[in-house]
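# Topology and contacts: notes
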Amino acid sequence: MGSKNYLIEGVSGTGKTSVAEELQRRGYHVLHGDRELSLRGDPLTGKSLDGPVPEATREDPAWVHEHHIWDEDRVRALAADRRQPISFFCGGARNVPRFVELFDEIFVLEVDRETLNRRLDARPEDEFGGRPDERALILRLHETRADMPVGGVGIDATAPLDRVVDAILERCGAGDEAPA
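Remember, it's a predicted structure, so these values are computed and weren't measured experimentally.

## A short note on the nonpolar core
Judged by nonpolar contacts, the single largest core of 45 residues is most densely connected at Ile8, Leu23, Phe88, Phe89 and Ile168. For this core, the element with the highest residue contribution is helix α8 (residues 161-172), accounting for 5 residues. Those residues in contact with Phe89, other than ones at most four positions away along the chain, are Asn5, Tyr6, Leu7, Ile8, Leu31, Leu37, Trp70, Val75, Leu78, Ala79 and Phe103.

Set out below in structure tokens:
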């Protein structure tokens, strides 16, 4: 059996990192896109932005968000690796449309505005969403769903973490069985 690749998406604060950590705890192969695959780049070309960026631009949450992409070559290589029966790519990137075909299914973590506000309230200022201007952007993206991949399967991420992960695994056909 060839490996299956799944993308777990959602706006900041919906629980992508928590889901990734729980999947890892259960023994699944997880790629933390925001930690392992991200770079500052052009979402249309997938190319890294070279050279210094003016501080005012670097500090603008909309610019930071728009230029948060994943290394496309690395994503393609990891998705082609058949050593793992299932790989979960967790995180968000503005260039996902350039490699969306690599995923067998896309899961979009969904929460209501109240839950999102509560989670953002708990964020430290040095984490994206911890500052008021970043929070305003996240709330706008939550409202408009502007960044969400088309055709993603909605997952109620207001449920307890174990049930969120169970729902994803069930949809993948993995059920309760841990990977070999």
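## Concerning the packing of aromatic side chains
For the structure on display, the rule yields 6 aromatic pairs. On the numbers, 5.9 Å between centres and 35 degrees between planes, the contact of Tyr6 with Phe107 is tilted. One end of the pair, Tyr6, is in strand β1 (residues 4-9); the other, Phe107, is in strand β6 (residues 105-110), and 101 residues separate them in sequence. Accessibility expressed as a relative area gives 6% for Tyr6, which makes it buried. Three or more aromatic residues link up through ring pairs in this structure, and these residues are Tyr6, Tyr28, Phe88 and Phe107.

## A word on the sheet that holds β6
Spatial ordering of the open sheet is given by β2-β5-β1-β6-β7, a layout of 5 strands whose pairing is parallel. Every other strand in the sheet has two partners, leaving β2 (29-32) and β7 (153-156) as the edge strands with one partner each. Across the sheet, the axes of successive neighbouring strands diverge by a mean angle of 25 degrees, strand direction being ignored. The strands touched by helix α1 (residues 16-25) within the sheet are β1, β2, β5 (86-90) and β6, with β2 carrying the most contacts at an inclination of about 150 degrees.

## Considering the environment of Asp112
Assignment of secondary structure puts Asp112 in the loop between β6 and α6 (113-121). Within polar-contact distance, the side chain of Asp112 engages the backbone nitrogen of Glu114 at 3.1 Å. Reaching out from Asp112, the side chain makes a polar contact with the backbone nitrogen of Thr115 at a distance of 2.8 Å.

## Quick word on helix α5 (residues 72-80)
Among the residues making up α5, those that are buried are Glu72, Val75, Leu78 and Ala79. Down the axis of α5, the buried set is contained in an arc of 130 degrees. They therefore lie on one face. Exposed residues pointing more than 90 degrees away from the buried face of α5 are listed as Asp73 and Ala77. Buried positions along α5 lie against β1, β2, α2 (33-37), β4 (68-70) and β5. Sitting at the amino-terminal end of α5 is Asp71, which places a side-chain oxygen 3.2 Å from the backbone nitrogen of Asp73.

## Let's talk about the environment of Thr144
Here Thr144 lies in helix α7 (residues 132-144). For Thr144, a relative accessible area of 47% translates into the label partly exposed.

## Some thoughts on the pattern of salt bridges
One pass over the full model with this rule turns up 15 salt bridges. The closest approach of N and O atoms between Arg94 and Asp147, which form a salt bridge, is 3.5 Å. You can see Arg94 sitting in the loop between β5 and β6 and its partner Asp147 sitting in the loop between α7 and β7, a full 53 residues away along the chain. Between Arg135 and Asp121 there is a salt bridge whose closest N-O contact spans 2.6 Å.

## A closer look at the packing of α1 against α8
The contact between α1 and α8 brings their axes to 10 Å, and the two run at 75 degrees. When the axes of α1 and α8 are compared, the pair comes out roughly perpendicular. In this structure, α1 contributes Ser18, Val19, Glu22 and Leu23 to the contact, and α8 contributes Leu161, Val164, Val165, Ile168 and Leu169. Looking at the contact of α1 with α8 residue by residue, the class counts come to 7 nonpolar, 1 polar and 1 charged.

## Observations regarding α7
Here α7 spans 18 Å end to end across 13 residues, near enough to the 18 Å set by a 1.5 Å rise per residue. Among all positions of α7, only Glu134, Arg135, Leu137, Ile138, Leu139, Leu141 and His142 are buried. Where α7 is buried, its residues contact α4 (61-66) and α6. Directly after α7, the chain includes Arg145, whose backbone phi takes a positive value near 60 degrees.

Analysis parameters
- Within each chain, residue numbers correspond to sequence positions counted from 1 in written order.
- Residue-level local features of this predicted model are given only where pLDDT is at least 70; pairs of side-chain atoms are given and counted only at 80 or more, and the full residue set underlies all totals for whole chains, interfaces and linings.
- Each side-chain value is derived from all of the structure's non-hydrogen atoms; neither hydrogens nor water enter the calculation.
- Nine residue types can take part in a nonpolar core, namely buried Ala, Val, Leu, Ile, Met, Phe, Trp, Tyr and Cys, and a core is a set of them joined through side-chain atoms within 4.5 Å.
- To sort residues, take the accessible area from a 1.4 Å probe on protein chains only and compare it with the maximum for the residue type: under 20% means buried, over 50% means exposed, and anything in between is partly exposed.
- Only runs of H or I of at least four residues qualify as helices and only runs of E of at least two qualify as strands under DSSP, and these elements are numbered from the N terminus.
- Every residue pair with non-hydrogen atoms within 4.5 Å of one another is taken to be in contact.
- Aromatic contacts are taken between Phe, Tyr and Trp rings whose centres are within 6.5 Å, Trp giving its six-membered ring; a plane angle under 30 degrees counts as stacked, one over 60 as edge-to-face, and the others as tilted.
- For two strands to be treated as a pair, DSSP must find at least two bridges joining them.
- Interaxial angle, 0 to 180 degrees, is taken between N-to-C directions of lines fitted to C-alpha atoms, where a helix line uses only the stretch in contact.
- What qualifies as a polar contact is a pair of N or O atoms within 3.5 Å, subject to a donor-acceptor requirement within protein and to the restriction that residues adjacent in sequence count only when both atoms come from side chains.
- In this context, the arc is that of the directions from the helix axis out to the C-beta atoms.
- By salt bridge we mean one thing: a side-chain nitrogen of Lys or Arg within 4 Å of a carboxyl oxygen of Asp or Glu.
- An angle counts as roughly parallel when it lies under 35 degrees, as roughly antiparallel when it exceeds 145, as roughly perpendicular when it falls between 65 and 115, and as oblique in every other case.
- Charged residues are taken to be Asp, Glu, Lys and Arg, nonpolar residues to be Ala, Val, Leu, Ile, Met, Phe, Trp, Tyr, Cys and Pro, and polar residues to be all remaining types, Gly included.
- The span one expects for a helix is its residue count, reduced by one, times 1.5 Å.

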